[in-house]
Amino acid sequence: METLLLPFSPRFIVLTICGVSTALLLGIALADHKVLDLVLIPVVIFGGLTALGIRDLMQQNHAVLRNYPISAHIRFLLEEIRPEMRQYFFESEKDGMPFSRDTRALVYQRAKMVLDKRPFGTQEDVYREGYEWMHHSVAPKVRTGEQFRVTIGGPDCTKPYSASVFNISAMSFGALSPNAVRALNAGAKKGGFAHDTGEGGVSPYHRENGGDLIWEIGSGYFGCRNRDGSFNPEEFARVAADDQIKMVELKISQGAKPGHGGVLPAAKVSEEISKIRGVSMGEDCISPATHRAFSTPLEMMAFIGEMRRLSGGKPAGFKLCIGHPWEFLAICKAMLQSGIYPDFIVVDGNEGGTGAAPLEFMDHLGMPMREGVNFVHNALIGINARDRIRIGAAGKIATAFDLARAMAIGADWCNSARGFMFSLGCIQSLSCHTDRCPTGVTTQDPTRARALVVPHKTERVYNYHRATLQALAELLAAAGLDHPQQVRPIHFSKRTSTTEVLSFARLYPSLRPGELIDGTSDSRFREAWAMARADTFSAAG
């Protein structure tokens, strides 16, 4: 009896109604052909739903569909649009992640050059633990020009580069659409700032508008590799000779997934990507987790020195997310032992990343950017190399306050990926890895990418960069400063509890020049320095 009543239970009633309605409508149509035109559409609708319900009952992948045929599809629909519903209707101005609605709106407004001011006071809880602020001066300066620049290139560099303090972070063609790359580079050209290619190689879209490029070389050596995936020095020298390429950057690791390689499946290796990356069509495009060109800190320094030589003396450096502290200190010891120093180091934080990554990697692997930047800054001070090596910071940077804070704790310049994606129109739909980007930024689908109109978005990229540096100039002037290089930890404070406030100078104490060489008692470095060896990344002892 219970089985006979199942079709009328709440779980199956929708399927029952659809089936009965289909049968009744077919019966009416057969009884009176004159009403066929009237019932045809309802028959198709209810018949289709009935077929869907029967399919739900028979399929074996989803238990909820077997128990709730037809009606359970509403659950999947709501799950599909949950991010949009949350973003548009439920999240506050401050609690959206990875970037709050307030931050996204600020980028959009600056990119469009519309009013970016806020009324009625801050929405921040200034008494919560973790709140940070910048100190102002009772003797503020008149705002200077906002074209802040920093010269990158040590004593061994014959072609130093004058870089903006705010540049486009590494995003490869393939991750971004052709139109997105075009617009970013055209905006960089107009604004006089740099565009990092990402590890996917220098594409025609990077070259099309002539903006300054930082060529990133990853473990796949795309654009400068042999058929077996090894590094090709002749091809590297040929590409690096291009005047548009201003610096060459070795990628050791990235914030979103440090220590994790990547695979672009053979089916996605188009003829275009095959030519740009120097890989064969019909084969997986593999970016290994480790480099083949070197395996020790000393070999790494030799490789960076060779990159500088092959590029004709352009600034050569590397990017990494800090992991084991002794490994970076081993690189520092290799600098001292070999006499080869990079011209720059870009420190990525685990809060960075525009591509997809395993959740465990994204949430719990790698050092956050601020701690990483300050660690590298102090390590270089400790080996008397800070004056010759510039530090770039990358990781969730979008506003002028983000720039000033990063430079206060050790950065010379900052890179932003998602900030510039927002300037292109990214709406944080979190669909970058699906090839279904609604704004045409992170897709290789030409029908979606066409939505991104290059001339219009070029202006928005340029406007966002210019307006952010204008805001930075205003912040600095309010603090009584003229240039970002004057920002120090003493200019910032952080609430560490409801009743305690500490200066960044207390939170991020500095080593003395040469302190690591002389022997440090600082607990952040003492043990790691003793464990570091120039001839291996493994810990000693």
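Preceding this paragraph is the structure being described.
Below is a summary of the structure that appears in this document.

The rules we used
Residues numbered from 1 in each chain as written. Predicted model: local features only at pLDDT ≥ 70, side-chain atom pairs only at ≥ 80, totals over all residues. Heavy atoms only, no water. Helix = DSSP H or I, 4+ residues; strand = E, 2+ residues; numbered from the N terminus. Buried < 20%, exposed > 50% of the residue type's maximum accessible area, 1.4 Å probe, protein only. Contact = heavy atoms within 4.5 Å. Areas by Shrake-Rupley, 256 points an atom, 1.4 Å probe, with all protein chains shown as cover. Axes fitted to C-alpha atoms, helices over the stretch in contact; angles between N-to-C directions. Left-handed = near helix turned anticlockwise from the far one by under 90°. Salt bridge = Lys/Arg side-chain N within 4 Å of Asp/Glu carboxyl O. Pairing = 2+ DSSP bridges. Expected span 1.5 Å × (residues − 1). Right-handed = clockwise from strand over helix to strand, strands pointing away. Polar contact = N/O pair within 3.5 Å; in protein donor to acceptor, adjacent residues only side chain to side chain. Phe/Tyr/Trp six-rings, centres within 6.5 Å; stacked < 30°, edge-to-face > 60°. Lys NZ or Arg CZ within 6 Å of the ring centre and 35° of its normal.

Observations concerning the overall build of the chain
Along the backbone of the chain there are 20 helices and 15 strands. Based on the C-alpha atoms only, the size of the chain along its principal axes is roughly 100 × 60 × 50 Å. Looking at the chain as a whole, 50% of its 541 residues are labelled buried. The long-range share in the chain, meaning contacts at least 24 apart out of those at least 6 apart in sequence, stands at 69%. If you sum the accessible surface of the chain, you get close to 25,400 Å²; carbon and sulfur atoms cover 57% of it.

Notes on the packing of helix α1 (residues 13-31) against helix α2 (residues 36-58)
The interhelical angle for the contact between α1 and α2, taken along N-to-C directions, is 145°, at an axis separation of 8 Å. Judged by the sense of rotation from one axis to the other, the crossing of α1 with α2 is left-handed. Here L15, C18, G19, S21, T22, L25, L26 and A29 of α1 lie close against α2, whose contacting residues are L36, V39, P42, V43, F46, G47, L49, T50, G53, I54 and L57.

Description of the pattern of salt bridges
Under the criterion given, the structure shown has 26 salt bridges. Measuring nitrogen to oxygen at the nearest pair gives 3.7 Å for the salt bridge that ties R75 to E79. Note that R75 and E79 are positioned in helix α4 (residues 72-90) at a spacing of four residues, about one turn of the helix. The class for R75 is partly exposed, based on a relative accessible area of 43%. E79 sits in the partly exposed class, given a relative accessible area of 47%. A salt bridge links E459 to K190, with the nearest nitrogen and oxygen atoms 2.6 Å apart. Of this pair, E459 sits in helix α17 (residues 454-478) while K190 is found in helix α6 (residues 178-191), placing the two residues 269 residues apart along the sequence. Residues joined by salt bridges that share partners form a network here, namely E132, R370, D402, R405 and K494.

Here's the deal with the sheet that holds strand β14 (residues 492-495)
One key point about sheets: their strands pair by backbone hydrogen bonds, in either a parallel or an antiparallel sense. Ordered in space as β1-β14-β15, the three strands form an open sheet in which the pairing is antiparallel. Looking at the sheet topology across the chains shown, the edges are occupied by β1 (132-134) and β15 (501-503). Here the average twist between neighbouring strands, direction ignored, is 25°. In terms of strand pairing, β14 meets β15 through three bridges, oriented antiparallel. Across the sheet, residue R495 finds its bridge partner in β15, namely V501.

Things to note about α17
For α17, with 25 residues, the first-to-last C-alpha span of 36 Å sits near the 36 Å given by 1.5 Å per residue. Phi for G480, located one or two positions after α17, is positive at around 80°.

Notes on the environment of R207
Among the secondary structure elements, R207 is positioned in helix α7 (residues 204-207). Between the C-alpha atoms of R207 and G121, which are 86 residues apart in sequence, the distance is 45 Å. The residues touching R207, leaving out its near neighbours within four places in the chain, are V202, V239, D242 and Q244.

Observations concerning the pairing of strand β7 (residues 245-251)
Counted residue by residue, β7 has six buried out of seven residues, so it is predominantly covered. As a crossover connection, the stretch from strand β6 (residues 213-217) through helix α8 (residues 233-240) into β7 is right-handed. When β7 meets strand β10 (residues 316-321), the two strands line up parallel, connected through four bridges. Along β10, the bridge assignment pairs V248 with A316.

Observations regarding the pairing of β10
Extensive coverage of β10 is indicated by the burial of six of its six residues. Residues A316, F318 and L320 line one face of β10 and the alternating positions G317, K319 and C321 line the opposite face, and both faces are buried. When β10 meets strand β11 (residues 344-348), the two strands line up parallel, connected through five bridges. Looking at the pairing, G317 lines up with F344 of β11. Following the backbone out of β10, through helix α11 (residues 325-338) and into the adjacent parallel β11, one traces a crossover that is right-handed.

What about α1?
Taking 1.5 Å of rise per residue, 19 residues should cover 27 Å, and α1 covers 27 Å from first to last C-alpha, within 8% of that figure. Among all positions of α1, only L15, T16, C18, S21, T22, L25 and A29 are buried. If you follow the buried residues of α1, they end up packed against α2.

Digging into the side chain of E515
Within the secondary structure layout, E515 lies in helix α19 (residues 515-518). Separated by 2.7 Å, the side chain of E515 and the backbone nitrogen of R512 make a polar contact. Look past the residues within four positions of E515 in its chain and what remains in contact with it is G382, T520, S521 and D522.

Points about the packing of aromatic side chains
Here the structure, examined in full by the defined rule, presents 18 aromatic pairs. Seen from their ring centres, F375 and F525 are 4.9 Å apart, and the 10° between their planes marks the pair as stacked. Here the residue F375 occupies a position in helix α13 (residues 369-382), and F525 occupies one in the loop between α19 and α20 (526-531), the gap between them amounting to 150 residues. A residue is classified by how much of its surface remains accessible, and F375, at 9% relative accessible area, is buried. Judged by its relative accessible area of 1%, F525 is buried. Here F492 and F504 contribute two aromatic rings whose centre-to-centre distance is 5.4 Å and whose plane-to-plane angle is 25°, an arrangement assigned as stacked. Here F492, found in strand β14, pairs with F504, found in helix α18 (residues 504-507); they are twelve residues apart in sequence, far enough to count as distant. Given the relative accessible area of 0%, F492 is considered buried. Residue class for F504 comes out buried when judged on its relative accessible area of 0%. Through pairs of rings, three or more aromatic residues link up here, namely W215, Y221, F231, F236, F294 and F303. Lying across the ring of Y462, K190 places its NZ or CZ 4.7 Å from the centre.

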